[in-house]
Every structure is written in C-alpha cells, then in structure tokens.
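Secondary and tertiary structure notes
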Amino acid sequence: MKRVINWLKNYRPVKVLTVFLAGIVLIVTQACSAPGVATQPPQPDAQSGASGAQPYSKRYDPTKNYDLNNPEGGMNNFSDVERRAKADDKAATDRGNALAKNAQRNINQKGVDSPGQYGENYRKGTPLGERVKNIGEDTSSSAAEVGEGVAKGTQRGIENIKENAQNAAKYVQRTGQDTTKGAEVK
C-alpha cells in the first residue's frame, strides 16, 4: 500500500487530469467530425426517396459490360462455332455454295435440266429407243474422251521413256569417267 501512496504522491493530479482530457478530446473529435467520410459512396442511377433515404438503389453491375454469346442453336442453345472463327465458317459456307453452283452449271451444260426431269420422263413413258439413244450418245462421248486421254497419256509416257534412256546413257558415261579418275589418283 505504501508503494501505491508513494506512486500517487510522485504523480501530480494535474498531469493525470491533462492526459484524461486529451483522450476525451481525441475520441470526441474523431467521432463527431467529417460526417461524409463514413457514408456509402454514391452509386450511378441511384433512386432517392422523399426523405433522402434510398429504399432501393440500382447498383452498378460490371458483368453487364461483357459481350456474351447469344443462343443460336447447337449444343446447349449456343453456336458450335467460336466467335472468332465465324469468318472462317462464313468462308466455308460461301465456298460450299460456290461448289454447289458449279455442280449445277456442269449439269446444265451436259443437257440435264434436273434429276427430277429424268424421273418424270421415265414415268411419263419416254420411248425406250429415245432413252437408249441418249444413253448411247453419253457413253460414246465419254468413251471418246477416255480414248483421247489414253492416247495423250501414252504419248507422254513414250517421251518420258526416251528422255530417261538418254539420261541413263549420260549417267553411265559420267560414272565411268569418275571411276577412271579415282583409279588414277591411287
């Protein structure tokens, strides 16, 4: 007890009162100053009520800025083609359409109006002689084209054989000269 009394005698009540008042002033000034610091920051498109309170505020959603895929069919109602590859998909579709048009043009050039027309002619009873004549003409023109192709291929093959025979003779001659040079050096 003597120690406590000695301790209180050493410290003057003015110092204790000064420290106590300084603490109170610090707490009060922090709690009562700058009321806007601790409030919620304003939100874009906020709706304010009559009393200034915000019963419902529309909050900013950053995910709304993302460019999302739209359902287009395919698996899970989304496109089967990646967005970045749509140009390639369009190019493939355009090429397919061009090939289909080319095939139709080839059919028209050969005298066929449509596959349905052949079926219709057959059902209507196009005379057998006329059908056989048409098939014969198509076969003869195809055979003539094949014959021309075989003749050209045979001619080209004969020319290649001649050229290879000449090259072989030159190769044998060159190899013989190289062999004699190698024998002379040793």
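In this text the structure is predicted, and so the values were computed from the model without any measurement.

1. Things to note about the overall build of the chain
A tally of helices and strands in the chain yields five helices and zero strands. In the chain, the order of α-helices and β-strands from amino to carboxyl end is α-α-α-α-α. For the chain, the proportion of its 186 residues judged to be buried stands at 1%. Roughly 17,300 Å² of accessible area belongs to the chain as shown, and the carbon and sulfur atoms make up 58% of that amount.

2. Notes on helix H2 (residues 13-32)
With 20 residues, H2 extends 28 Å between its outermost C-alpha atoms, agreeing within 8% with the 28 Å of an ideal straight helix rising 1.5 Å per residue. For H2, the tally of buried residues reaches only zero of 20 residues, placing the bulk of the element at the surface.

3. Examining the confidence of the model for the chain
For the chain, the average pLDDT comes to 76, and 66% of its residues sit at 70 or higher. Within the chain, the element-level pLDDT minimum falls on helix H4 (residues 115-124), averaging 64, and the maximum on H2, averaging 85.

4. Examining the pattern of salt bridges
Within the structure shown, the criterion is met by one salt bridge. Taking the shortest distance from any N to any O, the salt bridge between Asp94 and Lys90 comes out at 3.1 Å. Linking Asp94 with Lys90, this pair stays in helix H3 (residues 86-109), spanning four residues, or about one helical turn.

5. Looking at a nonpolar patch on the surface
The grouping of Val4, Trp7, Leu8, Tyr11 and Val16 at the surface amounts to a nonpolar patch, some 540 Å² of accessible area in total. With three residues, the top contributor of residues to the nonpolar patch is helix H1 (residues 2-10). Positionally, Val4 belongs in helix H1.

The rules behind the values
- Residues numbered from 1 in each chain as written.
- Predicted model: local features only at pLDDT ≥ 70, side-chain atom pairs only at ≥ 80, totals over all residues.
- Heavy atoms only, no water.
- Helix = DSSP H or I, 4+ residues; strand = E, 2+ residues; numbered from the N terminus.
- Buried < 20%, exposed > 50% of the residue type's maximum accessible area, 1.4 Å probe, protein only.
- Areas by Shrake-Rupley, 256 points an atom, 1.4 Å probe, with all protein chains shown as cover.
- Expected span 1.5 Å × (residues − 1).
- pLDDT = per-residue confidence, 0-100.
- Salt bridge = Lys/Arg side-chain N within 4 Å of Asp/Glu carboxyl O.
- Patch = residues over 30% accessible without salt bridge, like charges linked within 9 Å, V, L, I, M, F, W, Y side chains within 5 Å.

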